[in-house]
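Coordinate inspection notes
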Amino acid sequence: MNFSEVFKHTNQLCRVSPDGKYLATCVQYRLVVRDVNTLQVLHLYTCLDQIQQVEWSSDSLFILCAIYKRGLVQVWSLEQPDWHCKIDEGSAGLVSSRWSPDGRHILNTTEFHLRVTVWSLCTKSVSYIKYPKACQQGIDFTRDGRYMALAERRDCKDYISVFVCSDWQLLRHFESETQDLAGIEWSPNGCVLAVWDTSLEYKVLLYSLDGRLLATYSAYEWSLGIKSVVWSPSSQFLAIGSYDEKVRILNHVTWKTITDFQHPAAISSSKAVVYREVERRPVVGNEDLSFHHDLTMGSSLFRTQSKYEICQLPVQVPVVKPDPDRANPKIGVSCMAFSSDSRYLATKNGEYSL
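Counting restarts for each chain: residues are numbered from 1 in the order of the written sequence. Predicted model: local features are reported for residues with pLDDT of at least 70 only, side-chain atom pairs are reported and counted for 80 or more only, and whole-chain, interface and lining totals are derived from all residues. Excluding hydrogens and water, the side-chain values take into account all heavy atoms of the structure.

Spatial ordering of the open sheet is given by S21-S22-S23-S24, a layout of four strands whose pairing is antiparallel. Across the chains shown, the open sheet's two edge strands, defined by having one partner strand only, are strand S21 (226-231) and strand S24 (257-261). Sheet twist, expressed as the average angle between the axes of neighbouring strands with direction ignored, equals 20°. Across five bridges, the pairing between S21 and strand S22 (residues 237-242) is antiparallel. Counterpart to serine 228 in the pairing with S22 is glycine 241. Here, strands pair whenever DSSP counts at least two bridges between them. Counting from the N terminus, the helices are DSSP H or I runs at least four residues long and the strands are E runs at least two residues long. The axes used here are C-alpha line fits, helices contributing only the stretch in contact, and every angle between their N-to-C directions lies in the interval 0 to 180 degrees.

Next up, the structure:
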């Protein structure tokens, strides 16, 4: 594994385009687009203020830059560098901005989550959606881009609205049986919507496209509950990561647990393979430090290379016990990802220092 030279950027704003051809980085108010293979600068755009968010369109033809403190969104085109678009939310403010799946609509959420504004780049039309809920994951689209689910909060109750993305008309609207909805996510086939409650209560609800409640799952009570949820690409499994450091897998037929995975600090199973990353730095000799040495060769001396070695079992994973007295302690399974064939699941536990 080789590493390139370090490129300057701000606020960790570095995004690879969906087609894998371009790399976008932000330096204050400048947007830099590079070729992934050569890392040469292809486009340089200047925004009106410091960029706070950047996102590619699904077809990698447009790139969005959000400037929240000024309530602005600027859109740039890679095919037509002279074309640009500016969206000003005015006094309503701006807290988040994202693309729709078709890459031709932009969804802006105003301050205090008063509404979601849908802007069309093609027709210049505007649609408004009221009562969006301020939560971890309150908007989600189906994989085919046909439907959008939106979590809402009205009269101290949680609701879910399903919209048709072609014309942004309301398709379904129903109440969610949650105390304080934390997130929603469509299954990859777009048939089931997973809804989970606040971290103070372990509760997952499965709804169909027409709003019918298919199942409710709860593993335990009176303790911190769900921290992460992810579907398998096949839509057959739903993985739920919780604060008790376990991952529970539900099946799509009965919505019951088929297995659960723990995160032991000591790994001794003969079926496990543990890889450790080892960095290798070039040895610098006296002749390499000469002032007459080629500068391009000298810069390559400090490039770090790494490789992965298989560790001998048993292996003790480094564990850092979180301080419960500090805010937001790193406890529980915070991140999960399935392999493309749904055979493997990668997880990240908060106590691991890896």
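There is more to say after this.
So, about the pairing of strand S15 (residues 157-164). The classification of residues rests on relative accessible area computed with a 1.4 Å probe and restricted to protein chains. Under 20% of the type maximum is buried, over 50% is exposed, and intermediate values are partly exposed. The buried fraction of S15 amounts to six of the eight residues, a majority that puts the element mostly inside the structure. Two elements, strand S14 (residues 147-154) and S15, share eight bridges in a ladder whose sense is antiparallel. Within the sheet, the bridge partner assigned to arginine 153 lies in S15 and is aspartate 158. Taken together, S14 and the strand that follows it, S15, pair antiparallel across an intervening segment of two residues, in which aspartate 155 is found at a positive phi of about 50°. Pairing analysis gives six bridges linking S15 to strand S16 (residues 169-175), with the strands arranged antiparallel. Paired with valine 164 across the two strands is glutamine 169, which belongs to S16.

A word on the environment of serine 232. Positionally, serine 232 belongs in the loop between S21 and S22. Serine 232 sits in the buried class, given a relative accessible area of 0%. Residues serine 232 and phenylalanine 338 lie 106 residues apart in sequence; the distance between their C-alpha atoms is 5.8 Å. When checking whether two residues touch, look at their non-hydrogen atoms; a contact exists if any pair is within 4.5 Å. Once residues within four sequence positions are removed from consideration, serine 232 is found in contact with Pro188, Phe237, Phe338 and Ser342.

The subject of this paragraph is the packing of aromatic side chains. Stacked, tilted and edge-to-face pairs are distinguished by plane angle, under 30 degrees for stacked and over 60 for edge-to-face with tilted covering the rest, among Phe, Tyr and Trp rings (Trp via its six-membered ring) whose centres lie within 6.5 Å. Tallied over the full model, the rule gives eight aromatic pairs. Here phenylalanine 62 and tryptophan 99 contribute two aromatic rings whose centre-to-centre distance is 6.4 Å and whose plane-to-plane angle is 40°, an arrangement assigned as tilted. Of this pair, phenylalanine 62 sits in strand S6 (residues 62-67) while tryptophan 99 sits in strand S9 (residues 96-99), placing them 37 residues apart in sequence. In this structure, phenylalanine 62 and tryptophan 99 share a single accessibility class: buried.

Turning next to the sheet that holds strand S20 (residues 213-217). The strand order across the open sheet built from four strands is S17-S18-S19-S20, with neighbouring strands paired in antiparallel fashion. Two strands bound the open sheet, and with one partner strand each, they are strand S17 (183-186) and S20. On average, adjacent strands in this sheet sit at an angle of 20° to one another, irrespective of strand direction. Two strands pair when backbone bridges link them, and strand S19 (residues 204-208) and S20 are joined in this way by four bridges, in the antiparallel orientation. Following the sheet pairing, tyrosine 207 is matched in S20 by leucine 213.

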